[in-house]
Amino acid sequence: MAKGVWIVAEQREGALRKVSFELASTARKLADQLGEEVGAVLLGSGVEAMAAQLGKYGVDKVFVADNPALEPYTTDAHAAAVAKAVKDNDPSILLLGASTQGKDLSARLVGKLATGMATDCTDVKIADGKLLAIRPMYAGKCFGEVVVTGTPQMASLRPNVFTIVENAKAGAVVKFDPALDAAQLKTKVLEVQKEAAGKIDVSEANIIVSGGRGMKGPEGYGILEELAKTLGAAVGASRAAVDAGWRPQSDQVGQTGKVVSPNLYIACGISGAIQHLAGMSSSKFIVAINKDADAPIFQRADYGIVDDLFKVVPALTVEVKKLLA
Ligand SMILES: Cc1cc2nc3c(=O)[nH]c(=O)nc-3n(C[C@H](O)[C@H](O)[C@H](O)COP(=O)(O)OP(=O)(O)OC[C@H]3O[C@@H](n4cnc5c(N)ncnc54)[C@H](O)[C@@H]3O)c2cc1C
């Protein structure tokens, strides 16, 4: 019988991503309820040293495949390696991050493992011995409960939503051979283009200052950059701003952009269209600055300022600077 709550840990350039700790802490909670162990699959080249860190967040066994073919990430190699580890060990639950990499990998894995999956979950629990996954639907207007009947029961967890819990344990390392053959490795990474140094990715930011059509043009974002720098925040954008060429697509928040869950989301000159809300409504606190008191964003905002953002944002930056001084 399938046993064990597993995660696929994410690492980039020698460091585990925050979502890996969120996955490990959540898996620990589920495994304790089931009386099972937590396993993590860790893939890459020279990654073994990172395994100990996962133990600190509740992982009992880290299944490590250290292989140059697993660095940098490719869908083919990683899906083949995770599928091998899962087939050999038969865990009952497999959790991944609903991050860019996790979304890419899970789609291929579901096919390889011939199971089902709940995507982009904001909560997971155990009910009647099975995984019960809770996920927003219709752009966050309601929540659906999903039970996967295949094995393993797969789910991807929305980054920044699940609490990280430290655990004193040290996980054991189990090395495995991913048994990759040339026929499985159809993709080759020719070049990795990096974002400008120091730029915070919206999908990983704790605070996001986001601008929409109300910014009037690319130069309008200067005041948002300044506020973001003061707060240590990332700058996001609505699709209207991205389509106008004011901001790069990588900054877009929403249904066809990134789904974000920061602690604080400051929406400036954004009306709050349903497709935008789909990407940010699970933020912990939402502040909206808009000169139209009837803008739909105010229905979702915890705090709202009805005024011209070109007056409000610089004033806010001054106040934040004073507070931080
Ligand atoms: C299939 C599909 C997918 C989509 N995906 C996305 C997506 O991923 N992300 C996304 O954002 N959109 C998406 N959209 C587009 C979405 O429907 C909206 O068109 C878009 O979000 C509007 O962007 P906005 O709020 O910046 O612009 P607007 O709706 O034009 O709002 C601009 C706001 O700025 C305010 N404003 C103007 N000047 C000022 C000022 N000086 N001070 C204060 N406030 C001011 C106005 O009152 C207004 O509320 C999608 C649409 C479709 C059909």
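Everything below is about the structure shown above.
Residues numbered from 1 in each chain as written. Predicted model: local features only at pLDDT ≥ 70, side-chain atom pairs only at ≥ 80, totals over all residues. Heavy atoms only, no water.

### So, the overall build of the protein
Helix and strand counts for the protein stand at nine helices and 17 strands. Here the C-alpha radius of gyration of the protein, 21 Å, is about what a compact globule of 325 residues would show, namely 20 Å. Expressed as lengths along the three principal axes of its C-alpha atoms, the size of the protein is roughly 60 × 45 × 40 Å. Counting all 325 residues of the protein, 51% fall into the buried class. A fraction of 64% describes how many contacts in the protein between residues 6 or more apart in sequence connect residues 24 or more apart. Of the roughly 15200 Å² of accessible surface on the protein, a fraction of 53% belongs to carbon and sulfur atoms. Charge centroids of the protein, computed over 36 positive and 36 negative side chains, lie 2 Å from each other. (Helix = DSSP H or I, 4+ residues; strand = E, 2+ residues; numbered from the N terminus. Rg over C-alpha atoms; globule rule 2.2 N^0.38 Å. Buried < 20%, exposed > 50% of the residue type's maximum accessible area, 1.4 Å probe, protein only. Contact = heavy atoms within 4.5 Å. Areas by Shrake-Rupley, 256 points an atom, 1.4 Å probe, with all protein chains shown as cover. Lys, Arg positive; Asp, Glu negative; His and termini not counted. Charge placed at Lys NZ, Arg CZ, Asp CG, Glu CD.)

### Points about the packing of aromatic side chains
What the rule picks out here adds up to two aromatic pairs. With 4.4 Å between their ring centres and 35 degrees between their planes, Phe21 and Tyr57 make a pair best called tilted. In this pair, Phe21 is assigned in helix α1 (residues 18–34) and Tyr57 in the loop between α2 (51–55) and β5 (61–66), connecting sequence segments 36 residues apart. Classification of Phe21 by relative accessible area gives buried; the value is 10%. (Phe/Tyr/Trp six-rings, centres within 6.5 Å; stacked < 30°, edge-to-face > 60°.)

### Overview of the environment of Ala31
With respect to the secondary-structure elements, Ala31 resides in helix α1. Accessibility expressed as a relative area gives 0% for Ala31, which makes it buried. The spatial distance from the C-alpha of Ala31 to the C-alpha of Gly304 is 41 Å, given a sequence separation of 273 residues. Beyond its immediate stretch of four places on either side in the chain, Ala31 contacts Val5, Glu36, Glu37 and Val38.

### Re the site of the ligand
Around the ligand there are 26 residues in total, and Arg213, Ser238, Thr256, Ser271 and Gln275 lie nearest to it. One nitrogen or oxygen atom from the main chain of Gly269 is found 3.1 Å from an oxygen atom belonging to the ligand. Between the ligand and Leu309, the relevant distance is 2.9 Å, taken from a nitrogen atom to a main-chain nitrogen or oxygen of the residue. Taken by itself the ligand offers 990 Å² of open surface, and the protein chains cover 77% of this. (Near = heavy atom within 4 Å. Polar contact = N/O pair within 3.5 Å; in protein donor to acceptor, adjacent residues only side chain to side chain.)

### Things to note about the sheet that holds strand β9 (residues 130–137)
The strand order across the open sheet built from three strands is β8-β9-β10, with neighbouring strands paired in antiparallel fashion. Either end of the sheet is taken by a strand with one partner, and the two such strands are β8 (123–127) and β10 (142–146). Sheet twist, expressed as the mean angle between neighbouring strand axes with direction ignored, is 30 degrees. For β9 and β10, the ladder comprises five bridges, and the chain directions are antiparallel. Looking at the pairing, Arg135 lines up with Gly144 of β10. (Pairing = 2+ DSSP bridges. Axes fitted to C-alpha atoms, helices over the stretch in contact; angles between N-to-C directions.)

These values are about where atoms sit, not about what they do.
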